Amino acid sequence: MKTSYDAIIVGAGPAGSTAAILLASAGWSVALIEKQSFPRRKVCGACIGASNLPLLAALGIGEAFAQLAGPELREVALYCGDRVVQAPLPAVPNARHPWGRALGRESFDVLLLERARALGVNLWQPWSMRTFDRSAGVFRCGIEARPAPGLTELRAPVLIMANGSWEGDPGRNRRVSRKPGDLFAFKANFTDSQLAPGVLPVISFAGGYGGLVIAENGQLTLAGCIRRDALKTCRAAAPGRTAGEAFERYLRTDMVALRDALAGARREGTWLGIGPIQPGIRAPWHRADGRFMIGNAAAEAHPIIGEGISMAMQSAWFLCARLMAAGRASASAETLQRVGVDYARQWRQAFAPRLHLAATLAHLAMRPWLAPIVWPLIERAPRLMTVIARGAGKARIVPPSQGAPPLGRFESLEDAN
Ligand SMILES: Cc1cc2nc3c(=O)[nH]c(=O)nc-3n(C[C@H](O)[C@H](O)[C@H](O)COP(=O)(O)OP(=O)(O)OC[C@H]3O[C@@H](n4cnc5c(N)ncnc54)[C@H](O)[C@@H]3O)c2cc1C
């Protein structure tokens, strides 16, 4: 494969593959580096908001998604102990597909990746980006295939980091301090559950939060986060079990509606776990070295709002629209700097409020002892949950006017779907 490109993208999750598709369809030569082999399961609830469906259509995977994904999600619920409240999810106004749906990452990420490959993106997989530096306006990235030792050098004027968050920044050290409040995330799939299709329950428990959803083939996905100290307690109560199994046992203990949903259900495969995850805002653009960051590499929302995939893809869209307007390969350092400033501004406007809302909701959900204050309010006005879901971006189509080509071609994105 060649080693000089217009752009190098690190990570083929939703952010990286979206960027690769957009740039390749505009004629850029793109290297996409992914360290894992696909398909791979991933700790994620896999809900894709309706706000993202027009983007899937614009990327060329709208039909395939519609065929594979689980039922339309029309209701949100909140489970806490023996309490349940349910309310409508907000619909995207005037949309052909007004409701979100769920599709496991082992399928969704492959759809995006195969689309990128079909558009001529050079896929380096399974390869890891190990080192990078920039001189004379060119990035040099050292990438490595496992188990083959030794670095191969790729070069490009544009470097886009889409390597997720909890895996850290290649070439940099990760935080190693351990805090009781560190969050660990788990996910498992179940068949034959009792959860009504189309309902998206959020679960709130001491030390954590999570959600359940019916995804493709009627499979239930249960995913959630738990603090280090709470995980330690539940592991102590379940000796000999894996961390994921102890987490499940803890959830079943006093959450009645969750227990009902899982009655008679069979777990498919093992529990997956990662962590600690690092919710928070990092930087969409590194002024000092010129790297662009998209998806979780730029910021990670507490997954309680289930909007990380949408934000990952939309951040790729914002950035690529600007890069494409700046022009392939001809972009000077000053132009790329302007792209960075613009992208960072739009990124903050679009995502910072959602990230703050997600953090607030996560901290409320992890403290069920606030229930005496919060529950009477929610029980009296369940539609508060509809309003919150709207605030989290569930019904907000990213305005086409904020994007340049190729989104300009989908002036009415709904028509493209
Ligand atoms: C418990 C939980 C539940 C969630 N539920 C939802 C949900 O229901 N809906 C939703 O929208 N979001 C959800 N999310 C969030 C969502 O999973 C993330 O926001 C999303 O995966 C971010 O996409 P990304 O492309 O930025 O990163 P990722 O999907 O993490 O992709 C990054 C990719 O980069 C690769 N990579 C990393 N380092 C390197 C390297 N050095 N070289 C090469 N490749 C590399 C990785 O292998 C990976 O494939 C959830 C998260 C958690 C923890």
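Each remark here, short or long, concerns the structure printed above.
Bear in mind the structure is a predicted one, so any value in this text is a computation, not a measurement.

Novice: Help me understand the packing of aromatic side chains, please; the structure alone is not making it clear to me.
Specialist: For any pair of aromatic rings, the description rests on two quantities: the centre-to-centre distance and the angle between the ring planes. Inspection of the entire model under this criterion finds nine aromatic pairs. Here Phe 65 and Phe 108 contribute two aromatic rings whose centre-to-centre distance is 6.0 Å and whose plane-to-plane angle is 80°, an arrangement assigned as edge-to-face. Placement of the pair is Phe 65 in helix α3 (residues 62-68) and Phe 108 in helix α4 (residues 105-118), with a sequence separation of 43 residues. Between Phe 247 and Trp 271, the aromatic rings sit 5.7 Å apart at their centres with planes inclined by 85°, giving edge-to-face as the arrangement. Separated by 24 residues along the polypeptide, Phe 247 in helix α6 (residues 243-254) and Trp 271 in strand β16 (residues 266-277) bring together distant segments of the chain.

Novice: Help me understand the sheet that holds strand β14 (residues 208-214), please; the structure alone is not making it clear to me.
Specialist: Adjacent strands of a sheet pair through backbone hydrogen bonds, lying either parallel or antiparallel. Spatial strand order, β5-β4-β13-β14-β15-β12-β16: seven strands in an open sheet with mixed pairing. At either margin of the open sheet sits one strand with a lone partner, and together these are β5 (83-88) and β16. This sheet shows a mean twist of 15° between the axes of neighbouring strands, independent of strand direction. Across four bridges, strand β13 (residues 199-205) lies against β14 in antiparallel orientation. Bridge pairing links Ser 204 to Tyr 209 in β14. Along the sheet face, helix α10 (residues 371-380) touches β4 (75-80) and β5 and points at about 40° away from the line of β5.

Rules used in this analysis
- Residues numbered from 1 in each chain as written.
- Predicted model: local features only at pLDDT ≥ 70, side-chain atom pairs only at ≥ 80, totals over all residues.
- Heavy atoms only, no water.
- Phe/Tyr/Trp six-rings, centres within 6.5 Å; stacked < 30°, edge-to-face > 60°.
- Helix = DSSP H or I, 4+ residues; strand = E, 2+ residues; numbered from the N terminus.
- Pairing = 2+ DSSP bridges.
- Axes fitted to C-alpha atoms, helices over the stretch in contact; angles between N-to-C directions.
- Contact = heavy atoms within 4.5 Å.

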